Number of protein chains: 2
Amino acid sequence: MTQSRLDKLNASLRVSGLDSIILNPGPTLTYLTGLHFHLMERPVVMLFAKDQIPAIVIPELEMQKVADLPYKLQVFSYPENPAEWDGVFRKAVQALGLDGRKIGVDPRQLRLLEFRHVKNGAPEADFPDASDILAQLRLRKDQAEVDAMRRAVQIAQDALEATLPLIKIGMTEKELAGELVTQLFKHGSESEMPFTPIVSAGPNSANPHASPTERKLQTGDLLVVDWGAAFNGYISDLTRTFAVGEVDEEYQKIHKIVQEANAAGRAAANPGVPCANVDKAARDVIEKAGYGNYFTHRTGHGIGMEGHEEPYMRGDNMQLLEPGMAFTVEPGIYLPGRNGVRIEDNMVVTETGAESLSDMPREMRVVG
Amino acid sequence: MTQSRLDKLNASLRVSGLDSIILNPGPTLTYLTGLHFHLMERPVVMLFAKDQIPAIVIPELEMQKVADLPYKLQVFSYPENPAEWDGVFRKAVQALGLDGRKIGVDPRQLRLLEFRHVKNGAPEADFPDASDILAQLRLRKDQAEVDAMRRAVQIAQDALEATLPLIKIGMTEKELAGELVTQLFKHGSESEMPFTPIVSAGPNSANPHASPTERKLQTGDLLVVDWGAAFNGYISDLTRTFAVGEVDEEYQKIHKIVQEANAAGRAAANPGVPCANVDKAARDVIEKAGYGNYFTHRTGHGIGMEGHEEPYMRGDNMQLLEPGMAFTVEPGIYLPGRNGVRIEDNMVVTETGAESLSDMPREMRVVG
């Protein structure tokens, strides 16, 4: 499979006007090469030049990782002393004849560390943004990718169902998050988690990006759980909102509105439809209910190897949905200082519509 | 505490020849400001200019995080549409008068994404490498930092001790890693793990940076467990090597050699001594035993908020150890295709020597 992905990249390079693309460790490198490195103080860069055997610059320490690959690779390794790294990068750049050429980069992933080493080896090169080309590569998921995502969703749902009976009033958000992570691993999530679960209750739930705190669950809180699992390098990213004991009528109301907005966003997802329509469908429900000012973020983001990738469900994104595209639908209402609601599902566009990989009940369940 | 850290940065700026430093989300930003953001497709940058109130550029979505800070901050927020981001960055740069000035960067952390937005706002500025200044800020740990690290070590040790009785022959590396992660959370590790544990046995243990696989533990394997916990934003990073049942005599021998090398490295750590001496002390033991070619990495790295920070225990690093510096001592012997050993402790330099925060038995214990 990797060779066909490398071929796809080469075909993209041929039509792009770029001479090459460089990648540092991250999902796109793994997608194309099957290689996995951590981002660390030792730079790792793979250089893909049009119609050439790719080259990689790595620490000697990592040589084993490139020992038995199903494709050809030119390996340039460097010793521990950073003073020698620039010279090794220069050799790799020269082997591909890249100085003075157009070398595409991925600004969301590439660090100045890697960029400057490559630039020192190719001082006359241009480094245009290749994000769009790279996003295209991973934009339409194949069956194996959807299967992995489906499993990541199932693991996440099973883990949260196993956690719900353990929730008690007086438990801290952090304790609950720890329990959920434990269950995620028990149910088969990979040890490399996609992200730390958000477990936020009461006023904290009004912050869409809260981290779990020492605050204790109280009767009357809304409880937002935004969590996911990883399977075969693919992730899930779901949210459900619960009532801790009995909650105010307004909170029940906003939960119902968000549930409707989530359903409307999911229903709007169809092949040939712009991403903006998904956002609009969800947002219209919340605006008509008078809470438009409290839905402060876009309706969703692409999902696959990462939690934030193309396509984005944003009001200004006219990109058309195509079969295989995968993304979240996650409208919310956040009442600052009080409580918040978000309901998030993971969708895959099909030939005739779109499927939600997640099916955990969306209505407000009572816990604690 | 944050104001005093910001004052320390300002004092560094005054002597550095830099006009400012920019930081994106990461440990140094958290150290200086107490703020925590995830790296995502929306850039977050804080700009620290000499003798000025710092400025931050953030998505509107994140405004709550900067609402009640114990220090003054100029906030520049941008909406969801990326086309508007450059303009907001330009305003922040102009507010601090930074175009044409020297703006220090952290190349190991800053992405091209953030860099290019700042550069578009300050096209005439220079962006020198400020890594050394930034590393200095976090290099000497204070008592609260050492206390957090000590707790992170204790959590990690307790978690592995609780995991050892669960190890069975036939269990996969991944299963064991999952069990260890579960125990890390049960024992109080923060939900944001410092890194995924390395659990590698048999031939996999000969790869210093292995990821857990589906390979099953077999009698005769060496089992390397490289794991850590997080507490209050500080981490531990330990390694112990176990025998799965009875193992070959040579493996017992290399374990003993590595244990002696670890002890020698720890003993060499004293205030006023170059980092190189720690590396040499450990390496000498392994070289004298005839395994020098199989110890393929440096002896250690700094530790604190990150698993890889200054000071590095490398043969060419003449930096002198000072009280408060914290680092790992982790010699290893790796026999390719066969088995490997590593033993890693977390050290803090004191006024009179150095203390190992970790005290879990280092001799080869039998599991399975």
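From a predicted model like this one, the values you see are computed outputs, not experimental measurements.

### A short note on the relation of the copies chain B and chain A
Each of the two chain copies can be generated from the other by rotation about an axis followed by a shift along it.
Then, in step 1: At an RMSD of 0.0 Å, chain B and chain A line up after a rotation of 180° and a shift of 0.0 Å along the axis. Each copy turns onto its partner about a two-fold axis. Across chain B, the rotation axis passes nearest the C-alpha of R111 of chain B, at a separation of 2.0 Å.
Then, in step 2: When the interface residues of chain B are mapped onto chain A, 98% of them again fall at the interface, so both copies present the same face.

### Comments concerning the packing of aromatic side chains
Pairs of aromatic rings are described using the distance from one ring centre to the other and the angle between the two planes.
Then, in step 1: If you walk through the whole model with that rule in mind, you get seven aromatic pairs over all chains.
Then, in step 2: Ring geometry for Y78 of chain A and W85 of chain A: centres 4.7 Å apart, planes at 40°, overall tilted.
Then, in step 3: Plain terms: the ring middles of F115 of chain B and F127 of chain B are 4.9 Å apart, the flat faces sit at 75° to each other, and that makes the pair edge-to-face. On the criterion of sequence distance, the pair formed by F115 of chain B in helix α4 (residues 112-121) and F127 of chain B in the loop between α4 and α5 (131-139) is long-range, its members being twelve residues apart. This pair shows no difference in class: F115 of chain B is buried, exactly as F127 of chain B is.
Then, in step 4: Through a chain of ring-to-ring contacts, three or more aromatic side chains come together here, namely Y78, W85 and F89 of chain A.
Then, in step 5: Positioned above the aromatic ring of F231 of chain A, the side-chain terminus of R151 of chain A is 5.3 Å from the ring centre.

### Re the domain arrangement of chain A
Residues and elements named next belong to chain A.
Then, in step 1: Domain annotation for chain A reports domain 1 (2-137) and domain 2 (140-367).
Then, in step 2: Between the C-alpha centres of domain 1 and domain 2 the distance comes to 35 Å.
Then, in step 3: Between domain 1 and domain 2, the residue contacts involve nine residues of the former and nine residues of the latter.
Then, in step 4: Where domain 1 abuts domain 2, roughly 760 Å² becomes buried across the two surfaces, and 43% of that area is made up of carbon and sulfur atoms.
Then, in step 5: Connecting domain 1 to domain 2 are one salt bridge.
Then, in step 6: Between R5 and D142 there is a salt bridge, and its shortest N-O distance comes to 3.6 Å.
Then, in step 7: At the surface where domain 1 touches domain 2, the tally comes to one residue pair in polar contact (both at pLDDT 80 or more).
Then, in step 8: Secondary-structure elements contributing two or more residues to the side of domain 1 that touches domain 2 are α2 (27-33) and α5 (131-137).

### Looking at the side chain of T33 of chain B
Residue and element names in this part refer to chain B.
Then, in step 1: Residue placement: T33 occurs in helix α2 (residues 27-33).
Then, in step 2: Exposure remark for T33: the relative accessible area of 3% places this residue in the buried category.
Then, in step 3: Within the local environment of T33, its side chain forms a polar contact with the backbone oxygen of L29, the two atoms lying 2.6 Å apart.
Then, in step 4: The residues contacting T33, other than those within four sequence positions of it, are T2, M46, F48 and Y71.

### Some words on empty space enclosed by the protein
All names here are of chain A.
Then, in step 1: Inspection of every chain in the model, using the stated rule, returns one cavity of 30 Å³ or more.
Then, in step 2: Of the pockets and cavities examined, the largest cavity occupies roughly 40 Å³.
Then, in step 3: Of all the elements, α2 adds the most residues to the lining of the largest cavity, at three residues.
Then, in step 4: Residues belonging to the lining of the largest cavity are distributed by class as follows: four nonpolar, four polar and one charged.

### Some remarks on unusual backbone geometry
Then, in step 1: Going from E310 of chain A to P311 of chain A, the amide bond is cis rather than trans, its omega being -5°.
Then, in step 2: Note on placement: P311 of chain A falls in strand β12 (residues 309-313).
Then, in step 3: You will see that N232 of chain A, though not glycine, has its phi angle at about 50°, which is positive.
Then, in step 4: With respect to the helices and strands, N232 of chain A occurs in the loop between β8 (230-231) and β9 (234-235).
Then, in step 5: With relative accessibility at 52%, the residue N232 of chain A sits in the exposed group.
Then, in step 6: Positive phi is not limited to glycine here, since D51 of chain B has a value of about 60°.

### Here's the deal with helix α1 (residues 2-16) of chain B
Then, in step 1: Helix length check: α1 of chain B, at 15 residues, gives a terminal C-alpha distance of 21 Å against a target of 21 Å (1.5 Å per residue), a fit within 8%.
Then, in step 2: Taken from the residues just after α1 of chain B, G17 of chain B is the one with a positive phi, measuring 85°.

### Considerations on the pattern of salt bridges
Residue and element names in this part refer to chain A.
Then, in step 1: Summed over the entire model, instances satisfying the criterion amount to 49 salt bridges over all chains.
Then, in step 2: In this structure, K174 engages E214 in a salt bridge whose closest nitrogen and oxygen atoms are separated by 3.6 Å. In this pair, K174 sits in helix α7 (residues 173-186) while E214 sits in the loop between β6 (198-201) and β7 (222-227), placing the two residues 40 residues apart along the sequence.
Then, in step 3: Accessibility expressed as a relative area gives 55% for E214, which makes it exposed.
Then, in step 4: Here the residues in one salt-bridge network are R138, K141, E306 and E309, joined through shared partners.

Thresholds, definitions, all that
Residues numbered from 1 in each chain as written. Chains lettered and ligands numbered in written order. Predicted model: local features only at pLDDT ≥ 70, side-chain atom pairs only at ≥ 80, totals over all residues. Heavy atoms only, no water. Least-squares fit on C-alpha atoms with pLDDT ≥ 70 in both. Contact = heavy atoms within 4.5 Å. Phe/Tyr/Trp six-rings, centres within 6.5 Å; stacked < 30°, edge-to-face > 60°. Helix = DSSP H or I, 4+ residues; strand = E, 2+ residues; numbered from the N terminus. Buried < 20%, exposed > 50% of the residue type's maximum accessible area, 1.4 Å probe, protein only. Lys NZ or Arg CZ within 6 Å of the ring centre and 35° of its normal. Domains from an automatic or database assignment. Buried area = accessible area lost by both parts, 1.4 Å probe. Salt bridge = Lys/Arg side-chain N within 4 Å of Asp/Glu carboxyl O. Polar contact = N/O pair within 3.5 Å; in protein donor to acceptor, adjacent residues only side chain to side chain. 1 Å grid on protein atoms, 1.4 Å probe; cavity = no way out; pocket = protein on both sides within 12 Å on 5 of 7 lines; lining within 4 Å. Points joined across faces, edges and corners; volume = space filled by probe spheres on them. Nonpolar A, V, L, I, M, F, W, Y, C, P; charged D, E, K, R; others polar. Expected span 1.5 Å × (residues − 1).

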